[in-house]
Amino acid sequence: MCIQLTHVQPAHLLTRMRTVVLANIVAGFSTAWLLRLGLGADPCSTMNSGIASHLPISFGTWSLILNLLLLIVVFRADRRQLGFGTVSNMVFVGYSADFFGWLIDRSVPATFFDSWETKLAIGIPALAIFILAAGVYIAMDLGTSPYDAIPAIIAKRQSSMSYRTVRTLWDVTALAIGVLAGASFGPVSVICAFTLGPVIAWVGKTVRERLFQTGGRRRGGTPVPAHA
């Protein structure tokens with residue numbers, strides 16, 4: 001994701017940066033609920049929660065470590081994908097999930113999540129909020145998370161598979177790793193693994209066009225990619 005800062009007024013850029021941080025905090029808030037409902041979560045969070053459960057560190061800390069490792073690959077392969085939004089996503093989603101999870105664990109009894117009515121009543125809005133927050137973060141066009149950048153780079157470097165296919169394989173692999181590591185698995189896991197990447201990309205593109213009225217193009221005239 002190439003970031004055209006030369007065409008952005010400083011005040012407008014600051015607003016976008018604040019929006020990215022807020023969107024990532026909201027995404028972490030939604031993730032904290034999804035991880036406790038037993039319905040599954042997005043593939044990246046599923047993988048990170050499964051691995052973190054075997055380590056003496058929090059979900060947020062492991063998420064940051066993994067993203068730092070992936071960041072090295074992205075920096076070498078296509079550093080244009082990186083920006084302020086990259087760092088914001090790496091830090092705020094995981095640690096926000098830790099913080100809100102801590103609050104939930106201390107204010108909500110564990111038996112609260114036992115009924116399917118409660119799971120669905122919380123899970124559907126939580127997933128919708130997660131998708132909207134991720135879409136807003138993408139719409140601000142300030143950089144991509146290392147996890148999201150990897151399938152985009154792979155898709156651009158070969159012609160045998162579309163971005164959607166690469167992204168789905170990437171997400172399914174992450175989901176499988178998480179489940180094998182002991183993370184919860186459910187309908188949200190399946191939905192996210194096969195549709196989350198394209199859906200978030202569509203939401204991000206829609207939000208970008210509505211907010212900036214770019215007609216699908218960035219301010220600098222570069223076409224907006226159909227992926228995160």
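Since the structure is predicted, the reported quantities are computational estimates derived from the model, not experimental observations.

Colleague: Before we move on, could you go through helix α4 (residues 84–107) and cite the residues and values that matter?
Modeller: Compared with the 34 Å implied by 1.5 Å per residue over 24 residues, the 33 Å span of α4 between its first and last C-alpha is a close match. Taken residue by residue, α4 has G85, T86, S88, N89, M90, V93, G94, S96, A97, G101 and I104 as its buried positions.

Colleague: Could you give me a rundown of the pattern of salt bridges, with the residues and numbers involved?
Modeller: All told, the structure shown has five salt bridges when counted by the stated rule. R36 is paired through a salt bridge with D105; the nearest N and O atoms lie 2.8 Å apart. Of this pair, R36 sits in helix α1 (residues 10–37) while D105 sits in helix α4, placing them 69 residues apart in sequence. For R36, a relative accessible area of 27% translates into the label partly exposed. The salt bridge involving D78 is made with K156; its shortest N-O contact spans 2.9 Å. Taken as a pair, D78 in helix α3 (residues 59–78) and K156 in helix α6 (residues 146–156) lie far apart in primary sequence, 78 residues in all.

Colleague: Describe unusual backbone geometry, and please don't skip the residues or the numbers.
Modeller: Phi at D141 takes a positive value of approximately 55°, unusual for a residue other than glycine. Tracing the backbone shows D141 in the loop between α5 (116–139) and α6.

Colleague: I'd like a description of the packing of aromatic side chains, backed by residues and values.
Modeller: The full count for this structure, using the stated rule, is seven aromatic pairs. In textbook terms, an aromatic cluster arises when at least three aromatic residues are bridged by ring pairs, as seen for F29, W33, F99, F100, W102, F112 and F113.

Colleague: Tell me what's going on with helix α7 (residues 163–180), and back it up with residues and numbers.
Modeller: Its 18 residues give α7 an end-to-end C-alpha distance of 26 Å, which sits within 8% of 26 Å, the value for a rise of 1.5 Å per residue. When we look at burial in α7, the residues that qualify are Y163, V166, R167, T168, D171, A174, L175 and G178. At the C-terminal side of α7, G182 shows a positive phi close to 105°.

Colleague: Break down a nonpolar patch on the surface for me, with residues and values.
Modeller: Taken together, L55, I57, I65, L69 and I72 make up a surface patch of nonpolar side chains, about 400 Å² in accessible area. With respect to the secondary-structure elements, I57 resides in the loop between α2 (43–52) and α3.

What counts and what doesn't
- Here, residues in each chain are numbered from 1, in the same order as that chain's written sequence.
- pLDDT decides what is reported in this predicted model: residues at 70 or higher carry local features, side-chain atom pairs at 80 or more are listed and counted, and totals for whole chains, interfaces and linings draw on all residues regardless.
- Derived side-chain values reflect all non-hydrogen atoms in the structure, with water molecules and hydrogen atoms excluded from consideration.
- In this text, helices come from DSSP runs of H or I with a minimum length of four residues, and strands from runs of E with a minimum of two, each type numbered from the N-terminal end.
- Multiply 1.5 Å by the residue count of a helix minus one, and that product is the helix's expected span.
- For each residue, the accessible area found with a 1.4 Å probe, counting protein chains only, is set against the maximum for its type, and the residue is called buried under 20%, exposed over 50%, and partly exposed in between.
- What makes a salt bridge here is a side-chain nitrogen of Lys or Arg within 4 Å of a carboxyl oxygen of Asp or Glu, nothing more.
- The criterion for an aromatic pair is that two Phe, Tyr or Trp rings (for Trp, the six-membered ring) have centres within 6.5 Å, with stacked assigned to planes under 30 degrees apart, edge-to-face to planes over 60 apart and tilted to the rest.
- Patch criteria: residues need more than 30% relative accessible area and no salt bridge. Like-charged residues are merged within 9 Å; nonpolar side chains of Val, Leu, Ile, Met, Phe, Trp and Tyr are merged within 5 Å.
- Only the protein chains shown count as covering a residue, and every accessible area follows the Shrake-Rupley method with a 1.4 Å probe.

By themselves, these observations are geometric and do not establish any function.
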